[in-house]
Amino acid sequence: MPSPACPAPAGITNALLTAVRGAPRAARQVVVTASATAVMGHSSRPPAGTPRAARSLPSSTPGPICGFPVPTVTVTARQLWGQERAITGNRQTSWTFADAFVAEDEALLWARDQAHAAGLRPVSPGTGAVLRMLCATLDAKAVAEIGTGTGVSGIHLLGGMRPDGVLTTVDTEPDCQQFAREAFRAAGFAANRARFIPGRALDVLPRLADGGYDLVFCDGDRMEGLEYLAESLRLLRPGGLVCFEGVLADGRTVESGPQPVEVVRLRELVRAVRESPELIPSLVPVGDGLLCGVRR
Ligand SMILES: C[S@@+](CC[C@H](N)C(=O)[O-])C[C@H]1O[C@@H](n2cnc3c(N)ncnc32)[C@H](O)[C@@H]1O
């Protein structure tokens, strides 16, 4: 039986569609909040035709956000002031709708149940869908995963990879990997599609081949993100992708004020990926934040 935390995609989808379609027109209008404007950067001169209210937004250069330097601007004022639907009026509903957009099958729901029973936090359905899409886009043949868990992310990764692709997945807990093995079988993947390696990521990764991977997915110890990044840069082929799950830490990464060391480490990781000359970065706002970088 799916746990209450698991989505019932069709029901949710219908309810959300109704909610979105039935929302009052005003609620559906684009809202550019002050904080979003500060993070994205903006110009002091809105384009002609911009409504009066929108022109009253502050025009000074934004300062650092929670210790992050101001982005080296890639977003122009036109993109924020124009017709783009960057942020919708009912953002939470939109976010929930997007995360449940792709339905999960029985094998995934079973693996998700095992994760919850074990006290683990698997990737959200939306994050899984993005990982699946990225693997398909890369035509991935070799993927490395840190943090097997009970196999939720692994099923998504395998689902997007080539039919002969192999997932190498590392976890300190062999018991979890046993659940993942069963979940992969239930999802229809042959046993030779996955290589399970028990152990600490930082002990195992140095044994994996340089440039041998299309994608590295990091979902292990959040204190070790920078070390995973260094290893990933070595493991990835040019054009390969590194992805880090959960970098928004339930919003704490971008909140001001003192944060636990785990969050401080995540901020360092976010900054390192954004500023690495070896990566083309993106922070995908799905699940709890999926930080990605393409290896140049
Ligand atoms: C959030 S769970 C992974 C969930 C999984 N990716 C999924 O979506 O189903 C984190 C996993 O990382 C493992 N882990 C924690 N520290 C680790 C380390 N240093 N090396 C390898 N695995 C680690 C834990 O045992 C746990 O299974």
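Residues numbered from 1 in each chain as written. Predicted model: local features only at pLDDT ≥ 70, side-chain atom pairs only at ≥ 80, totals over all residues. Heavy atoms only, no water.

Participant: So what's going on with the overall build of the chain? Residues and values would help.
Facilitator: When helices and strands are counted, the chain shows 13 helices and seven strands. Relative to its 296 residues, the chain shows a buried fraction of 43%. If you take every contact in the chain between residues at least 6 apart in sequence, the share linking residues at least 24 apart comes to 69%. When the accessible surface of the chain is summed, it comes to about 15,100 Å², and 58% of that surface belongs to carbon and sulfur atoms. (Helix = DSSP H or I, 4+ residues; strand = E, 2+ residues; numbered from the N terminus. Buried < 20%, exposed > 50% of the residue type's maximum accessible area, 1.4 Å probe, protein only. Contact = heavy atoms within 4.5 Å. Areas by Shrake-Rupley, 256 points an atom, 1.4 Å probe, with all protein chains shown as cover.)

Participant: Account for the layout of surface pockets, with residues named and values stated.
Facilitator: What the second largest pocket holds in volume is close to 610 Å³. Along the wall of the second largest pocket there are 35 residues; nearest its centre are Ile146, Gly147, Asp219, Gly220 and Asp221. Looking at the lining of the second largest pocket, the elements that each hand over two or more residues are α9 (152-160), β2 (166-171), α12 (225-235), β5 (236-245) and α13 (261-275). It is α13 that contributes the most residues to the lining of the second largest pocket, three residues altogether. Taken together, the residues that form the lining of the second largest pocket break down as 15 nonpolar, ten polar and ten charged. (1 Å grid on protein atoms, 1.4 Å probe; cavity = no way out; pocket = protein on both sides within 12 Å on 5 of 7 lines; lining within 4 Å. Points joined across faces, edges and corners; volume = space filled by probe spheres on them. Nonpolar A, V, L, I, M, F, W, Y, C, P; charged D, E, K, R; others polar.)

Participant: Give a detailed account of the site of the ligand, specifying residues and quantitative values.
Facilitator: In the neighbourhood of the ligand, 22 residues make up the surrounding shell, with Gly147, Ser153, Asp171, Ala201 and Asp219 lying closest. Here an oxygen atom of the ligand sits 3.4 Å away from a polar atom, N or O, in the side chain of Thr172. Separating a nitrogen atom of the ligand from a side-chain N or O atom of Glu224 is a distance of 3.4 Å. Here the ligand has 610 Å² of accessible area as a free molecule, and 88% of this is covered by the chains. Classifying every residue of the shell around the ligand by side-chain character gives six nonpolar, eight polar and eight charged. (Near = heavy atom within 4 Å. Polar contact = N/O pair within 3.5 Å; in protein donor to acceptor, adjacent residues only side chain to side chain.)

Participant: I'd like a rundown of the environment of Ala107, residues and numbers included.
Facilitator: Mapped onto the secondary structure, Ala107 falls in helix α7 (residues 106-117). In sequence terms Ala107 and Ala187 are 80 residues apart; their C-alpha atoms lie 5.3 Å from each other.

Participant: Can you break down the packing of helix α8 (residues 125-138) against α9 residue by residue, with the values?
Facilitator: Between α8 and α9, the least distance of the axes is 7 Å, while the angle of their chain directions is 30°. When the interaxial angle is binned, α8 and α9 end up roughly parallel. Considering only the axes of α8 and α9, their crossing is right-handed. Between α8 and α9, the residues in contact are Pro125, Gly128, Ala129, Leu131, Arg132, Cys135 and Ala136 and Ser153, Ile155, His156, Leu157, Gly159 and Gly160, respectively. (Axes fitted to C-alpha atoms, helices over the stretch in contact; angles between N-to-C directions. Parallel < 35°, antiparallel > 145°, perpendicular 65-115°, else oblique. Left-handed = near helix turned anticlockwise from the far one by under 90°.)

Participant: Describe the confidence of the model for the chain, listing the residues and the values that go with them.
Facilitator: Overall, the prediction assigns the chain a mean pLDDT of 79, with 70% of residues at 70 or greater. Long-range and interchain partners of residues 1-63, a stretch whose pLDDT sits below 50, account for 70 contacts in this model, where long-range means more than four residues apart. Under a pLDDT of 50 for its full length, residues 69-82 has, in the predicted model, 25 contacts with residues more than four places off or in other chains. (pLDDT = per-residue confidence, 0-100.)

Participant: Any chance you could break down α7 for me, citing the residues and the numbers?
Facilitator: Along its twelve residues, α7 runs 16 Å from first to last C-alpha, staying within 8% of the 16 Å computed at 1.5 Å per residue. Taken residue by residue, α7 has Ala107, Leu108, Leu109, Ala111, Arg112, Asp113, Gln114 and Ala115 as its buried positions. Buried-residue contacts for α7 involve α8, α9 and α10 (174-186). Measuring from the backbone nitrogen of Ala107 back to the side-chain oxygen at the start of α7 gives 3.3 Å, which picks out Asp105 as the cap. (Expected span 1.5 Å × (residues − 1).)

Participant: I'd like a rundown of the sheet that holds strand β7 (residues 290-295), residues and numbers included.
Facilitator: Strand order in the open sheet formed by seven strands is β3-β2-β1-β4-β5-β7-β6, with mixed pairing between adjacent strands. Only two strands of the sheet have a single neighbouring strand rather than two, namely β3 (194-198) and β6 (279-284). Shown here is a sheet whose adjacent strand axes are inclined to one another by a mean of 15°, direction ignored. Two strands pair when backbone bridges link them, and β6 and β7 are joined in this way by six bridges, in the antiparallel orientation. Looking across to β7, one finds that Val284 is bridged to Leu290. Here α9 sits on the sheet in contact with β1 (142-146), β2 and β4 (213-218), set at roughly 170° to β1. (Pairing = 2+ DSSP bridges.)

Participant: Outline the pairing of β4, supporting the account with residue identities and numerical values.
Facilitator: Burial runs high along β4: six of the six residues are buried. Two elements, β1 and β4, share four bridges in a ladder whose sense is parallel. Its bridge partner lying in β4, Val143 is registered against Leu215. Taken together, the five bridges between β4 and β5 define a ladder with parallel strand orientation. In the sheet register, Leu215 faces β5, and the bridge partner there is Leu241. Read from β4 through α12 to β5, the crossover connection turns out right-handed. (Right-handed = clockwise from strand over helix to strand, strands pointing away.)

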